[in-house]
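The primary structure of each chain is shown beneath.
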Amino acid sequence: MKQIFKDIIAIDGVKGILLFSTEGRLHFHELNYPFHENPARQDWSFLSSMMKGVREADLIYENSRFYFRSTAAGYLLVVMERATPISLVRLSCDMAIPALKKQADAPKGIMRFFKRK
């Protein structure tokens, strides 16, 4: 999954990226700055319930900017500096989302070794 998001993380000003399930479970996180607590131990269900039905949102808070995107795999949250070019982040997310969909649709567990004819 880290390979899918490498272009987003490489953008100057991006502080991190988090991917949540629709229930609010954290599937992936990559942070470029120290977080006061482990994000995997946080309850993110409020975020998924708050953003239900929202396809895309750009939130600005003091010196930070949050880009929220709904995907087939769940919800994507990009944390960045306020001056980060949002068009570049959107374009990178547009390119990463098909790979997420492909990964979400892939068979899991032992069934990935068997194919239907």
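Analysis parameters
Residues numbered from 1 in each chain as written. Predicted model: local features only at pLDDT ≥ 70, side-chain atom pairs only at ≥ 80, totals over all residues. Heavy atoms only, no water. Phe/Tyr/Trp six-rings, centres within 6.5 Å; stacked < 30°, edge-to-face > 60°. Buried < 20%, exposed > 50% of the residue type's maximum accessible area, 1.4 Å probe, protein only. Helix = DSSP H or I, 4+ residues; strand = E, 2+ residues; numbered from the N terminus. Pairing = 2+ DSSP bridges. Contact = heavy atoms within 4.5 Å.

Counted under the stated rule, the structure contains two aromatic pairs. Aromatic pair Phe68 and Tyr75: ring centres 5.3 Å apart, planes at 25°, arrangement stacked. Both residues of the pair, Phe68 and Tyr75, belong to the buried class.

Once that is clear, we can look at the pairing of strand S4 (residues 64-71). Here S4 lies mainly inside the structure; six of its eight residues are buried. Across six bridges, strand S3 (residues 56-61) lies against S4 in antiparallel orientation. Each residue of the ladder has a partner; that of Ala57, found in S4, is Phe68. Linking S3 back to S4 in an antiparallel pair, the connection comprises two residues, with Glu62 at a positive phi of about 45°. By the bridge criterion, eight bridges tie S4 to strand S5 (residues 74-81) in an arrangement that is antiparallel. When the bridges of S5 are listed, Ser64 appears paired with Glu81. Between S4 and S5, which pair antiparallel in sequence order, lie two residues.

Our next topic: the environment of Ser70. Mapped onto the secondary structure, Ser70 falls in strand S4. With relative accessibility at 27%, the residue Ser70 sits in the partly exposed group. The spacing of Ser70 and Ser48 is 22 residues in sequence and 9.6 Å in space, taken between C-alpha atoms. Those residues within four positions of Ser70 in sequence are excluded, and the remaining contacts are Val54, Arg55 and Tyr75.

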